[in-house]
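Tertiary structure, described
This is what each chain is made of:
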Amino acid sequence: MPQNSYLVGLIGSGIGPSLSPALHEREADRQGLRCLYRLIDIDTLGVGPEAVGDLVSAARDLGFNGLNITHPCKQLVIGHLDELSVGAEALGAVNTVVFEGGRAIGHNTDVTGFAASFARGLPDVSLERVVQLGAGGAGAAVAHAVLTLGAGHITVVDAMPERAADLAAALNRHFGEGRADAATPDALGSLLAHADGIVHATPTGMAAHPGLPFPAELLHPGLWVAEVVYRPLETELLRTARALGCATLDGGGMAVFQAADAFRLFTGREPDSARMLADIAELAGASAAVVRG
C-alpha cells in the first residue's frame, strides 16, 4: 500500500516566520496526502547549531521522513549524515535530509531551486558578466546555480573579503579556473557599470533588515537584478530596479522551486510548481500585510 502520510520538519535558527510548513502542507493536501511539517528552532530549544546532529538523530528515531535544514546548520549537519548527493557534496552544504532505510541522506535543493526560478523568470538575459553580492550560505548556492546555468564569469562581493575569496576559489575548483573571482563592496560601482546583471544574496531588504544593499545610483537600465529575499516579494532593491527599467526576478521562485524539489524527495510525488508559486504570492502578501499592520 503506497504511503500517504509524512512527517517532516525544518531545523534552523529564528525560523518562526518560515513559509515552508504552509507550502508543503498545502501541496500535500491537494495531492490527497497528509503532511505534518514541524519547526525545530534551535533558539526556542535553547541549543547551539552544533546540536544539529542530535536533532537529526532524534528526528530519525521519532519516525520523521525527512528534514529541511537552514541557517546556521547547513554545513554543520554534513558530519552527521550517512551519504550526500553529488550536488550537496560539491556545494559543501545540505538543506534537505531524507531518511531511507535508517540512513540519513543529504541533498541541496537551493541550487536547483534558484536555477529553475532563474530559467523561468529571466530566460533570455545575458550571463557573460555576473556580479553577486553576498557569499554566505544562500550565496554559495546561487553562485553555483548561476555558473551551472552557463554564466561566463561571476564576481563574488562580500563585506567579509575572506568569505568571498573562499567561495570564488571553490567555484573555480568546481567549474574551472577563471570562472570566478572576489571583490570588496567598494568595487561595486565599477563592477556594475560593466556587468550584465547582479544577484543579491544578503539579508538586506527583508522585513527585519529594510533598505537597499548598495546605493541606488549604481543601478542602470542595462542590468538585470535577481533577488534571493522573498519576504517581502518586492524588496526596495527590486522596486528601485524596476523603476529604472531593469529586468528583475524576485526571491519567491527560488523559495518555491527548492521546496518543490524537497517535496519530491520527501514523498516521491511530483509537485505542482505553478500552484506553489500562487501559494507563495498569497502567503508572502498576507505576511507583508501583517507586518505593515
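Parameters and conventions
Residues numbered from 1 in each chain as written. Predicted model: local features only at pLDDT ≥ 70, side-chain atom pairs only at ≥ 80, totals over all residues. Heavy atoms only, no water. Pairing = 2+ DSSP bridges. Helix = DSSP H or I, 4+ residues; strand = E, 2+ residues; numbered from the N terminus. Contact = heavy atoms within 4.5 Å. Axes fitted to C-alpha atoms, helices over the stretch in contact; angles between N-to-C directions. Phe/Tyr/Trp six-rings, centres within 6.5 Å; stacked < 30°, edge-to-face > 60°. Buried < 20%, exposed > 50% of the residue type's maximum accessible area, 1.4 Å probe, protein only. Parallel < 35°, antiparallel > 145°, perpendicular 65-115°, else oblique. Left-handed = near helix turned anticlockwise from the far one by under 90°.

A few words now on the sheet that holds strand E3 (residues 66–69). Read across the open sheet, the 6 strands follow the order E2-E1-E3-E5-E6-E4; overall the sheet is mixed. Of all the strands in the sheet, just strand E2 (34–41) and strand E4 (83–84) have a single pairing partner and so form its edges. Sheet analysis places strand E1 (residues 5–12) next to E2, joined by 8 bridges and oriented parallel. Bridging across to E2, Val8 finds its partner in Tyr37. Relative to the sheet, helix H1 (residues 20–30) contacts E2 and E3, its axis offset from that of E2 by approximately 170°.

Here the structure, examined in full by the defined rule, presents 2 aromatic pairs. Ring geometry for Phe114 and Phe118: centres 5.9 Å apart, planes at 45°, overall tilted. Note that Phe114 and Phe118 are positioned in helix H5 (residues 109–121) at a spacing of 4 residues, about one turn of the helix. A centroid spacing of 5.0 Å and a plane angle of 75° characterise the contact between Phe118 and Trp224, whose relative ring orientation is edge-to-face. Taken as a pair, Phe118 in helix H5 and Trp224 in strand E11 (residues 224–227) lie far apart in primary sequence, 106 residues in all. By relative accessible area, which is 3% here, Trp224 ends up buried. Taken together, Phe114, Phe118 and Trp224 form an aromatic cluster joined through their ring pairs.

Further remarks concern the packing of H5 against helix H10 (residues 252–267). Relative to each other, H5 and H10 sit at 130°, their axes nearing to 7 Å. In terms of orientation, H5 and H10 fall into the oblique class. Crossing handedness for the pair H5 and H10: right-handed. Two secondary-structure elements touch here, H5 through Thr109, Asp110, Thr112, Gly113, Phe114, Ala116, Ser117 and Arg120 and H10 through Gly253, Met254, Phe257, Gln258, Asp261, Ala262 and Leu265.

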